[in-house]
Amino acid sequence: MLQQASYSQPELDAMFNVANPPSMQLPQGQMRMIDRIVHISSTGGKYNRGEIIAEFDVLPDLWFFKCHFPGDPVMPGCLGVDALWQGLGFYLAWAGYEGKGRALGIGGVRFFGEVLPDASTVRYHVHIRRIFRKDIVMGIADGSVYVDGTEIYSAENIRTGLIPTEGMSTVS
């Protein structure tokens with residue numbers, strides 16, 4: 001992976017729109033909750049061990065507003081949490097690790113706001129705490145989700161792993 005300080009939406013689209021899976025993956029289509037990486041670094045963040053800041057553009061006709069909830073549309077909180085996992089997985093690949101990205105857990109999440117259809121931008125800020133390397137590579141981080149500049153979720157002990165291809169189960 002070409003290590004840059006930021007990635008535009010067209011760069012992310014090109015990176016993951018290939019016939020052979022790249023060394024790292026982000027969900028595609030409607031499940032990708034990251035439109036661009038506005039900053040990524042191996043220093044900085046709360047722990048000075050690295051950080052990633054990513055953004056997602058909110059459009060009033062997004063798929064989840066139609067079903068969650070009719071007459072009271074709101075972005076599901078789990079999609080914001082998934083974006084934190086996605087960001088941490090991207091960071092691990094950006095840092096040079098390889099494998100299939102998988103969410104491994106989260107220590108705690110607090111919700112104190114929501115994303116509504118009239119919002120403009122959701123921003124995810126992931127602060128790297130630690131990276132373990134053994135049978136898999138596992139990143140541990142804390143993160144926050146912001147909508148139009150206001151923090152609406154916080155998460156602790158976000159865990160994402162990069163699992164070697166040969167170690168993947170074929171169970172679906």
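Residues numbered from 1 in each chain as written. Predicted model: local features only at pLDDT ≥ 70, side-chain atom pairs only at ≥ 80, totals over all residues. Heavy atoms only, no water.

For the chain, the name recorded in an unreviewed UniProt entry is Bifunctional 3-hydroxydecanoyl-ACP dehydratase/trans-2-decenoyl-ACP isomerase, with Alkalimarinus sediminis as its organism.

1. Topic: the pattern of salt bridges
Opposite charge on two side chains allows them to pair when their charged atoms are near. Enumeration over the complete set of coordinates arrives at five salt bridges. The salt bridge partner of Arg36 is Glu55, with a shortest N-O separation of 2.9 Å. On the criterion of sequence distance, the pair formed by Arg36 in strand 1 (residues 36–41) and Glu55 in strand 2 (residues 51–57) is long-range, its members being 19 residues apart. We note a salt bridge from Glu55 to Arg123, for which the minimum N-O separation is 2.5 Å. Within this pair, whereas Glu55 is found in strand 2, its partner Arg123 is found in strand 5 (residues 121–133), the two being separated by 68 residues in sequence. Assessed through its relative accessible area of 33%, Arg123 is described here as partly exposed. Overlapping salt bridges, with partners in common, bring together Arg36, Glu55, Asp57 and Arg123 in one network. (Salt bridge = Lys/Arg side-chain N within 4 Å of Asp/Glu carboxyl O. Helix = DSSP H or I, 4+ residues; strand = E, 2+ residues; numbered from the N terminus. Buried < 20%, exposed > 50% of the residue type's maximum accessible area, 1.4 Å probe, protein only.)

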